[in-house]
Amino acid sequence: MIFHAYYTGVPADAVDRFVDAQELGRLISVGEDGTPHVGLYPFVRSEGAVDLHLVREDEVAVDLRARPRCVFEVDEVLGVIPSYWVHQEYGGSGTADHRTVIFECVATVLDDPAAVAAQQVRLMARYQPEGGFRAIRPDDPLYGGALRQLTAVRLAVQGVRTKFKLAQNRSPETRRKIIQLLRERGRPNDGRAAEALEATLP
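Residues numbered from 1 in each chain as written. Predicted model: local features only at pLDDT ≥ 70, side-chain atom pairs only at ≥ 80, totals over all residues. Heavy atoms only, no water.

Concerning unusual backbone geometry
- For Ala167, which is not glycine, the phi dihedral falls at a positive 65°.
- The topology assignment puts Ala167 in the loop between strand S7 (150-165) and helix H6 (172-185). (Helix = DSSP H or I, 4+ residues; strand = E, 2+ residues; numbered from the N terminus.)

This is the structure we're talking about:
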């Protein structure tokens, strides 16, 4: 992915709002033979870190124990823009709009059931704040077996790369045209795409 300046100048608070609105993220590790492995996981963030859990035998967990450098990525695919919305003849004007944030991380993997339970509490607070479950404790027989099969992964964020590709390389006039055409086309994500492009206008 190329990171042109006009796509990457996103305020930090906008990046935080975007990431925190996503329900799943991709964790990418590297296997012993150099093959990348990827998994899609729920997550919770704290200052400077991302927390998630894996089954201990998950290939990503195995990778991270040996090679803790990894990437955690969240994205939102907004839509494909036909070339003729921008230029009547040049096919190279076709594109795809999206918002993507890539965290470059170093992982710590913890098997201690107490650490896994504490992380599960934080995940449940994010994903199920209404409750409806018994308190998660490592000494509770209801949870003990599952907690011993999981590992808590903490990703210390070393760097962040952001790309919000929303036609910022086009003139305001062209962006307004694309916004109108998105709303007229009416695919499931087109309204959200139109709003995202509208936010880039001066």
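Regarding helix H3 (residues 59-66)
- Restricting attention to buried positions, one finds in H3 the residues Val60, Ala61, Asp63 and Leu64. Down the axis, H3 shows its buried residues gathered within 160° of arc, on one side only.
- Buried residues belonging to H3 abut strand S1 (25-30), strand S2 (36-41), strand S4 (49-55), strand S5 (69-81), strand S6 (95-110) and S7.
- Taking the backbone nitrogen of Val60 as reference, a side-chain oxygen 2.7 Å away marks Asp58 as the first, capping residue of H3. (Buried < 20%, exposed > 50% of the residue type's maximum accessible area, 1.4 Å probe, protein only. Arc of directions from axis to C-beta. Contact = heavy atoms within 4.5 Å. Polar contact = N/O pair within 3.5 Å; in protein donor to acceptor, adjacent residues only side chain to side chain.)

So, the packing of H6 against helix H7 (residues 190-198)
- One can describe the packing of H6 onto H7 by two numbers: an axis separation of 8 Å at closest approach and a directional angle of 165°. It follows that H6 is roughly antiparallel to H7 by the angle criterion. Crossing of H6 over H7 shows left-handed handedness. Taken together, the residues of H7 that come into contact with H6 (itself represented by Ile178, Ile179, Leu182, Arg183 and Arg185) are Asp190, Ala193, Ala194, Glu195, Leu197 and Glu198.
- Grouping the amino acids of the contact of H6 with H7 by side-chain chemistry returns 6 nonpolar, no polar and 5 charged. (Axes fitted to C-alpha atoms, helices over the stretch in contact; angles between N-to-C directions. Parallel < 35°, antiparallel > 145°, perpendicular 65-115°, else oblique. Left-handed = near helix turned anticlockwise from the far one by under 90°. Nonpolar A, V, L, I, M, F, W, Y, C, P; charged D, E, K, R; others polar.)

A word on the nonpolar core
- Counting residues in hydrophobic clusters, the biggest one holds 38 residues, and the most contacted among them are Leu27, Leu52, Phe72 and Leu155.
- At the level of elements, helix H2 (12-21), S4, H3, S5, S6, S7, H6 and H7 are the ones that each hand at least two residues to this core.
- Ranked by size, the runner-up nonpolar core spans 7 residues in total, among them Val116, Ala117, Leu147 and Ala152. (Core = buried A, V, L, I, M, F, W, Y, C linked by side-chain atoms within 4.5 Å.)

Considering the packing of aromatic side chains
- Per the counting criterion, the structure on display carries 3 aromatic pairs.
- With a centroid separation of 5.3 Å and 70° between ring planes, the pair formed by Phe18 and Phe164 is classed as edge-to-face. Taken together, the residues span a long stretch of sequence, with Phe18 in helix H2 and Phe164 in strand S7 at a distance of 146 residues.
- Phe18 gets classed as buried once you look at its relative accessible area, which sits at 7%.
- Plain terms: the ring middles of Phe43 and Phe72 are 5.1 Å apart, the flat faces sit at 70° to each other, and that makes the pair edge-to-face. Placement of Phe43 in the loop between S2 and strand S3 (44-46) and of Phe72 in strand S5 is noted, with a sequence separation of 29 residues between them. For the pair Phe43 and Phe72, one class covers both residues: buried.
- One cation-aromatic arrangement involves Arg99 over Phe164; the distance from NZ or CZ to the ring centre is 6.0 Å.
- Against the face of Phe43 rests Arg126, its NZ or CZ located 4.7 Å from the ring centre. (Phe/Tyr/Trp six-rings, centres within 6.5 Å; stacked < 30°, edge-to-face > 60°. Lys NZ or Arg CZ within 6 Å of the ring centre and 35° of its normal.)

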